[in-house]
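# Remarks on the overall topology
Okay, here's what each chain looks like letter by letter:
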Amino acid sequence: MSGPVAKMVIQAVILGVSILSRALPAAYAAALQNAKKSGASAATDSASVMGRKMISRDEALLVLNLREAKVVTPEAIQKQYDKYFESNSVEKGGSFYLQSKIYRAKEMLDEYEKEKRMEAKQEAKQQQKGSGQ
């Protein structure tokens, strides 16, 4: 008796696995397509450094209370960082979450300034090459 019953159970399991093996990739592809349509890819495309999500430059400027109209210098970034990081110190009753936002904002702006300096150096080299020929 156990032979035919076991055979039926095994066939049912194999059928279920084969159905799932076809359905799961199709469902995953549909989910990716829906995510792209809804703009979720923009969130995942935002800068990610070693698994950490980077905040946008605009958000970083807001967090550190810096305005785009005035020139954002590394000194201004450091000044605002020191001011807000210290005032939100956990020891002083501040928020660790806010401190981390402030840290990430400074990190993003520092990276942006570094990239700007590198681009300026590359432009200067290219102009120098162009005028030297």
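Further up the page is the structure itself.
Residues numbered from 1 in each chain as written. Predicted model: local features only at pLDDT ≥ 70, side-chain atom pairs only at ≥ 80, totals over all residues. Heavy atoms only, no water.

## Looking at the overall build of the protein chain
In plain terms, the rule: Elements are defined by DSSP. Helices are runs of H or I of four residues or more, strands are runs of E of two residues or more, and each kind is numbered from the N terminus. Exposure is judged per residue with a 1.4 Å probe applied to protein chains only, and the accessible area is read against the type maximum: over 50% gives exposed, under 20% gives buried, and values in between give partly exposed. Whether two residues are in contact is decided by their heavy atoms: any pair within 4.5 Å suffices. We get accessible surface area from the Shrake-Rupley algorithm with a probe of 1.4 Å; when it comes to residues, only the shown protein chains can shield them.
On a plain count of helices and strands, the protein chain comes out with 5 helices and 2 strands. Each helix and strand of the protein chain, placed in order from N terminus to C terminus, yields the pattern α-α-β-β-α-α-α. A buried classification covers 17% of the 133 residues belonging to the protein chain. Of the contacts made within the protein chain by residues no fewer than 6 positions apart, 49% connect residues no fewer than 24 positions apart. For the protein chain, the accessible surface area stands at approximately 10500 Å², while carbon and sulfur atoms represent 61% of it.

## As for the pattern of salt bridges
Worth spelling out the cut-off: Take a side-chain nitrogen of Lys or Arg and a carboxyl oxygen of Asp or Glu: if they are within 4 Å of each other, that pair is a salt bridge.
Applying the stated rule across the entire model yields 5 salt bridges. The closest approach of N and O atoms between R104 and E107, which form a salt bridge, is 2.9 Å. With R104 and E107 both in helix α5 (residues 96-132) and 3 residues apart, this pair spans about one turn of that helix. A salt bridge links E113 to K116, with the shortest nitrogen-to-oxygen separation between them at 3.8 Å.

## A short note on the nonpolar core
Quick note on the threshold: Each nonpolar core is a collection of buried residues, namely Ala, Val, Leu, Ile, Met, Phe, Trp, Tyr and Cys, held together in the definition by side-chain atoms within 4.5 Å.
Formed by 15 residues in total, the largest nonpolar core has its most connected members in A60, L64, L66, I77, M108 and L109. Every element with two or more residues in this core is listed here: α3 (57-63), α4 (74-87) and α5. Residues contacting L64, with those up to four places away along its chain left out, are I77, Q80, Y81, Y84, I102, A105, K106 and L109.

Interpretation note: all reported values are geometric properties and have no functional meaning in isolation.
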